[in-house]
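# Observations on chain architecture
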Protein chains: 2
Amino acid sequence: MREVRVLEIKQSVFADNDRQADLLRQDLKERGVFLLNLMSSPGAGKTTTLMRTIEALKDTFKIGVMEADIDSDVDAQTISGSGAKVIQLHTGGMCHLDAEMTRQGLAGLQTDDVELAILENVGNLVCPAEFDTGAVKNAMILSVPEGHDKPLKYPLMFTICDVVLINKIDVMPYFDFDLEKCKEYIRMRNPNAKIIPICAKTGEGIEEWSKWLKEEVSRWCMTK
Amino acid sequence: MREVRVLEIKQSVFADNDRQADLLRQDLKERGVFLLNLMSSPGAGKTTTLMRTIEALKDTFKIGVMEADIDSDVDAQTISGSGAKVIQLHTGGMCHLDAEMTRQGLAGLQTDDVELAILENVGNLVCPAEFDTGAVKNAMILSVPEGHDKPLKYPLMFTICDVVLINKIDVMPYFDFDLEKCKEYIRMRNPNAKIIPICAKTGEGIEEWSKWLKEEVSRWCMTK
């Protein structure tokens with residue numbers, strides 16, 4: 001087992017999270033760091049998608065990953081084999097990260113040599129959607145086994161995400177998942193969301209996703 | 001579409017949720033109502049499992065279901081076709097139910113003619129584990145596509161559950177899911193948890209689960 005750094009982050013003392021998030025974004029802009037906030041249900045495939053993303057973009061950007069979990073460091077262990085810089089954040093039982101917790105994470109990760117920082121948020125479709133982390137873009141993964149009705153049940157998550165990756169499309173034949181209906185439900189919540197079907201396990205769709213992310217990071221860093 | 005009753009429940013004003021939960025349990029005991037709290041990640045199969053459970057036990061007990069969701073009433077619509085009494089609870093964005101919210105739900109459901117009341121909690125492995133709802137037993141569903149490492153990442157949920165249903169075992173061949181390792185991780189968190197592999201879609205394992213639930217309900221109602 002590799003040794004991964006573990007940071008115990010503390011709940012924010014700031015009442016105004018939105019203000020803290022804007023300040024963090026401004027700070028990231030000045031330092032030329034793009035922060036992506038990646039969210040999903042438990043087990044939707046965040047870590048596997050991250051491994052593929054790092055593989056696709058590691059020659060283009062210097063990448064740093066923050067793995068946020070209530071407990072364990074299994075995901076950070078996995079990411080540490082990818083070549084990207086990684087830190088494990090323990091949330092002390094908290095179900096989400098806010099801007100101040102994210103700031104602590106970034107300080108722990110040390111982003112002087114990072115262009116693309118990725119926060120793997122706690123697996124949860126509810127609470128993380130309510131707290132702006134200060135990220136430049138929000139991405140979420142919905143996996144096929146969860147069902148196409150999730151945008152109906154977790155509206156805020158789909159509303160705040162810039163991109164929705166529909167993962168595990170390789171197992172579509174084994175589930176009652178209607179891709180067109182899913183896209184329709186996502187658009188009901190967020191007409192501007194980019195929707196990309198992927199299979200992190202086989203790599204399908206990762207090119208389109210990496211291209212989108214590459215363009216976003218380039219634009220952010222170019223205009224600093 | 002059937003007409004389902006929708007109740008907007010309000011966040012608790014009580015500071016001491018544990019006390020409220022104990023009072024609710026005592027009240028349920030006096031009235032001979034068994035309350036099961038069913039939890040899982042989004043899309044793990046709570047509603048399909050409930051449909052099978054109602055089918056198996058509807059001739060034994062009078063059953064009432066509370067469907068808790070942030071938004072939508074798709075699950076209550078589904079359950080309303082089962083023959084069980086059902087009410088949709090909207091949590092006003094809240095990521096979990098506490099004892100007072102559950103009490104409001106039970107009052108809305110009207111349990112005078114109910115022996116087995118089931119609360120389908122909000123799809124979330126974090127927050128619902130932190131709040132005792134007043135239920136007699138806690139059950140959770142972990143689905144195969146989520147992965148066998150979930151007890152490592154969401155320790156409290158597995159610690160507080162009396163029974164863990166491992167659902168969607170029909171798709172095990174398509175996922176890297178190690179059932180023995182999963183059981184081992186669950187036992188690390190909770191040596192006393194009953195573990196039952198099921199497939200709610202095909203009905204596999206539902207007999208064992210229904211038998212367990214039937215015994216628990218009978219014991220609770222007999223000793224009132």
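Residues numbered from 1 in each chain as written. Chains lettered and ligands numbered in written order. Predicted model: local features only at pLDDT ≥ 70, side-chain atom pairs only at ≥ 80, totals over all residues. Heavy atoms only, no water.

## Some remarks on the overall build of chain A
Helices and strands together make up the secondary structure of chain A, namely eight helices and eight strands. With the C-alpha coordinates aligned to their principal axes, the bounding extent of chain A is approximately 45 × 35 × 35 Å. Put simply, chain A has 224 residues, and 61% of those count as buried. Counting contacts in chain A only where the partners sit at least 6 residues apart, residues at least 24 apart contribute 76% of the total. (Helix = DSSP H or I, 4+ residues; strand = E, 2+ residues; numbered from the N terminus. Buried < 20%, exposed > 50% of the residue type's maximum accessible area, 1.4 Å probe, protein only. Contact = heavy atoms within 4.5 Å.)

## A few points about the pairing of strand E3 (residues 63-69) of chain B
A regular strand places its side chains so that they alternate between the two faces of the sheet. Residues and elements named next belong to chain B. Among the seven residues in E3, seven count as buried, and that is most of the element. The alternating pattern of E3 places Ile63, Val65, Glu67 and Asp69 on one face and Gly64, Met66 and Ala68 on the opposite face, and all of these are buried. By the bridge criterion, six bridges tie E3 to strand E4 (residues 85-90) in an arrangement that is parallel. What sits directly across from Glu67, in E4, is Gln88. In this fold, E3 hands off to helix H3 (residues 74-79), which returns the chain to E4; that crossover is right-handed. (Pairing = 2+ DSSP bridges. Right-handed = clockwise from strand over helix to strand, strands pointing away.)

## Looking at the relation of the copies chain B and chain A
With an axial shift of 0.0 Å and an RMSD of 0.0 Å, the rotation relating chain B to chain A amounts to 180°. Both chain copies can therefore be described as sitting about a two-fold axis. A shared interface surface links the copies, since 100% of the contact residues of chain B are contact residues in chain A too. (Least-squares fit on C-alpha atoms with pLDDT ≥ 70 in both.)

## Things to note about the interface of chain B and chain A
On the chain A side, the residues contacting the 33 residues of chain B number 33 residues. Summed over both partners, the interface of chain B with chain A buries about 2600 Å², with 60% contributed by carbon and sulfur atoms. For the chain B face of the interface with chain A, the top three residues by lost area are Pro42(B), Lys153(B) and Tyr174(B), together amounting to 23%. If you look at where chain B meets chain A, you find two salt bridges. Between Asp75(A) and Lys153(B) there is a salt bridge whose closest N-O contact spans 2.8 Å. The tally of links from chain B across to chain A stands at eight residue pairs in polar contact (both at pLDDT 80 or more). Put simply, the parts of the chain that give the side of chain B that touches chain A at least two residues each are H3 and helix H5 (150-153) of chain B. For the side of chain B that touches chain A, the leading source of residues is H5(B), giving three residues. Residues belonging to the side of chain B that touches chain A are distributed by class as follows: 15 nonpolar, six polar and twelve charged. (Buried area = accessible area lost by both parts, 1.4 Å probe. Salt bridge = Lys/Arg side-chain N within 4 Å of Asp/Glu carboxyl O. Polar contact = N/O pair within 3.5 Å; in protein donor to acceptor, adjacent residues only side chain to side chain. Nonpolar A, V, L, I, M, F, W, Y, C, P; charged D, E, K, R; others polar.)

## Notes on the packing of aromatic side chains
For the structure on display, the rule yields four aromatic pairs over all chains. The interplanar angle of 10° and the centroid separation of 3.6 Å between the aromatic rings of Tyr174(A) and Tyr174(B) together place this pair among those described as stacked. Of this pair, Tyr174(A) sits in the loop between strand E7 (163-167) and helix H7 (179-189) while Tyr174(B) is found in the loop between strand E7 (163-167) and helix H7 (179-189), placing the two residues in two different chains. Relative to Phe175(B), the ring of Phe175(A) lies with its centre 6.4 Å away and its plane at 75°, an arrangement referred to as edge-to-face. One end of the pair, Phe175(A), is in the loop between E7 and H7; the other, Phe175(B), is in the loop between E7 and H7, on a second chain. On the basis of relative accessibility, which here comes to 13%, the residue Phe175(A) falls in the buried class. When the ring centre of Trp220(A) is taken as reference, the NZ or CZ atom of Lys29(A) above it lies at 4.2 Å. (Phe/Tyr/Trp six-rings, centres within 6.5 Å; stacked < 30°, edge-to-face > 60°. Lys NZ or Arg CZ within 6 Å of the ring centre and 35° of its normal.)

## What about the sheet that holds strand E8 (residues 194-197) of chain A?
Residue and element names in this part refer to chain A. One open sheet accounts for eight strands, arranged E1-E4-E3-E5-E2-E6-E7-E8; its pairing is parallel. Every interior strand has two partners, whereas the edge strands, strand E1 (6-8) and E8, have only one. Neighbour to neighbour, the strand axes of the sheet diverge by 20° on average, direction disregarded. Across the sheet, helix H8 (residues 206-222) is in contact with strand E2 (34-40), strand E5 (116-120), strand E6 (137-143), E7 and E8; its angle to E2 comes to roughly 145°. (Axes fitted to C-alpha atoms, helices over the stretch in contact; angles between N-to-C directions.)

## Here's the deal with the sheet that holds E4(B)
All names here are of chain B. Taken in spatial order, the eight strands of this open sheet run E1-E4-E3-E5-E2-E6-E7-E8, and their pairing is parallel. Two strands lie at the open edges of the sheet, namely strand E1 (6-8) and strand E8 (194-197), each paired on one side alone. Ignoring strand direction, the axes of neighbouring strands in this sheet form an average angle of 20°. Here E7 pairs with E8 via four bridges, running parallel. Opposite Ile166, over in E8, you have Pro197 as the bridge partner.

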